[in-house]
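Close look at the chain arrangement
What follows is each chain in one-letter form.
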Amino acid sequence: MVESIFDKFLPRFIAAAKGLKLGDPLDESVTLGPLSSDGALQLILRQINDATSHGAKVLLGGNRAGTVGAFLEPTVLTGLTPDNPAYKQEFFGPVALIFPAKDEAEAIAIANDSPFGLGGSVYSTDIERAKRVASRVETGMVFINYPDVSWPDLPFGGIKRSGYGKELSNLGLEEFVNKKLILVPNVPAESL
């Protein structure tokens, strides 16, 4: 997150995360289901605890939600430095790590400073700029003004320690070839 908009973005992001409705994923009004298992929940709780014990700050959530099911409160962490173990970990749950960057180049460098590279999202009102940024982000998939998704007609796959090649779509036939997806959905930016 570029510092020039960080203070404007962060409260809006936290408000959106607070607005997520936890519950049964078969209920169409629910926007956040449980983790895959209690083991997955315990792992992510340990990751959050480890991150905070190394200086990260929890701005929202960070705890189990309720007593039934593997639900985690939507969680927002900041203040992660490269020496924090969480800096280069994957969190398989509703945890957002927010990193301020002085400019676009530093934001890209932070995004690429990871052993993983499955997918990412770039948000901008300038689609051409977003495409340029997306082309420099080292992931197998980049979505513009849209969260990462998996659709059967789009190739799915990552790079680095997130896998090789693609599955789904006709590109699944080229399983051991790395190609990048950059998606600009037909959704007006002002509706996001």
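Counting restarts for each chain: residues are numbered from 1 in the order of the written sequence. Local features are withheld for residues below a pLDDT of 70 in this predicted model, meaning they are given only at 70 or higher, and side-chain atom pairs are given and counted only at 80 or more; totals for whole chains, interfaces and linings count all residues. Hydrogens and waters are ignored; side-chain quantities use all the structure's heavy atoms.

**Details of the overall build of the chain**
Secondary structure follows DSSP: runs of H or I at least 4 residues long count as helices, runs of E at least 2 residues long count as strands, and numbering of each begins at the N terminus. When helices and strands are tallied, the chain shows four helices and eight strands. Secondary structure elements of the chain, listed N to C terminal, follow the sequence α-α-β-β-β-α-β-β-α-β-β-β. The cut-offs for exposure are 20% and 50% of the maximum accessible area for each residue type, with area from a 1.4 Å probe on protein chains only; residues under the lower value are buried, those over the upper are exposed, and the others partly exposed. Among the 192 residues that make up the chain, the fraction classed as buried is 35%. Intrachain contacts of the chain at a sequence separation of at least 6 include 47% that bridge at least 24 residues. Residue contacts are defined here by distance: any two heavy atoms, one from each residue, within 4.5 Å place the two residues in contact.

**What about the nonpolar core?**
We define the nonpolar core as a collection of buried residues of types Ala, Val, Leu, Ile, Met, Phe, Trp, Tyr and Cys that are connected through side-chain atoms lying within 4.5 Å of one another. One finds Ile-44, Leu-72, Leu-80 and Val-95 to be the most contacted residues of the largest nonpolar core, which totals 16 residues. Broken down by element, the residue count for this core peaks at five residues, all from helix H2 (residues 38-53). Every residue in contact with Leu-80, bar those within four places of it in the chain, is listed here: Ala-51, Ala-56, Ala-86, Tyr-87, Leu-97 and Phe-99.

**Examining the packing of aromatic side chains**
Ring pairs shown here join Phe, Tyr and Trp side chains whose ring centres sit within 6.5 Å, with only the six-membered ring taken for Trp; geometry is labelled stacked below 30 degrees between planes, edge-to-face above 60, and tilted in between. Under the defined criterion, the tally for this structure stands at three aromatic pairs. Aromatic side chains Tyr-87 and Phe-99 sit 5.3 Å apart centroid to centroid with 85° between the ring planes, which places their arrangement in the edge-to-face category. In this pair, Tyr-87 sits in the loop between strand E2 (75-78) and strand E3 (95-97) while Phe-99 sits in the loop between E3 and helix H3 (104-112), placing the two residues 12 residues apart along the sequence. Exposure remark for Tyr-87: the relative accessible area of 11% places this residue in the buried category. Centroid distance Tyr-146 to Trp-151: 5.7 Å. Interplanar angle 55°. Geometry classified as tilted. In this structure Tyr-146 comes out as partly exposed when scored by relative accessible area, which is 23%. What makes Trp-151 partly exposed here is its relative accessible area of 34%.

**Points about the sheet that holds E3**
Taking strand neighbours across the sheet as the criterion, the three strands line up as E1-E2-E3 in an open arrangement whose pairing is mixed. The open sheet terminates on both sides in strands that have one partner only, identified here as strand E1 (57-60) and E3. Taking the axes of each pair of neighbouring strands and ignoring which way they run, one obtains an average angle of 30° across the sheet. For E2 and E3, the ladder comprises three bridges, and the chain directions are parallel. Two strands make a pair as long as DSSP finds a minimum of two bridges between them. Note on geometry: axes are lines fitted to C-alpha atoms, helical ones only across the stretch in contact, with angles between N-to-C directions running from 0 to 180 degrees.

**Things to note about the sheet that holds strand E8 (residues 181-183)**
Pairing is parallel across the open sheet formed by three strands, whose spatial order is E5-E6-E8. The open sheet has two free edges, formed respectively by strand E5 (119-122) and E8, since each of these has just one partner strand. Geometrically, the sheet is characterised by an average inter-axis angle of 15° between neighbouring strands, direction not taken into account. Inspection of the sheet shows E5 paired to strand E6 (residues 141-144) by four bridges, in the parallel sense. Within the sheet, the bridge partner assigned to Ser-121 lies in E6 and is Phe-143. Together, E5, E6 and E8 form the strand contacts of helix H4 (residues 127-136), whose direction differs from that of E6 by roughly 165°.

**Here we look at the side chain of Ser-124**
Position of Ser-124 relative to the elements: it lies in the loop between E5 and H4. What makes Ser-124 buried here is its relative accessible area of 19%. With residues near it in sequence (within four places) discarded, Ser-124 still touches Ala-130 and Asn-145.

**As for the pairing of E2**
Of the two faces of E2, the one holding Thr-75 and Leu-77 and the one holding Val-76 and Thr-78 are both buried throughout. Here E1 runs beside E2; their pairing, made up of three bridges, is antiparallel. Note that in E2 the partner of Lys-57 across the bridge is Thr-78.

**A closer look at the packing of H3 against H4**
Running from amino to carboxyl end, H3 crosses H4 at an angle of 35°, the nearest separation of the two axes being 10 Å. Crossing geometry of H3 relative to H4 is assigned as right-handed. In contact with Glu-104, Ile-108 and Asn-112 of H3, H4 contributes Arg-129, Val-133 and Arg-136. Residue polarity is assigned by list, with Asp, Glu, Lys and Arg as charged and Ala, Val, Leu, Ile, Met, Phe, Trp, Tyr, Cys and Pro as nonpolar; anything else, Gly included, falls into the polar class. Of the residues that constitute the contact of H3 with H4, the class distribution is two nonpolar, one polar and three charged. The hand of a helix crossing depends on one turn: near helix anticlockwise from the far one by less than a right angle means left-handed, and clockwise means right-handed.

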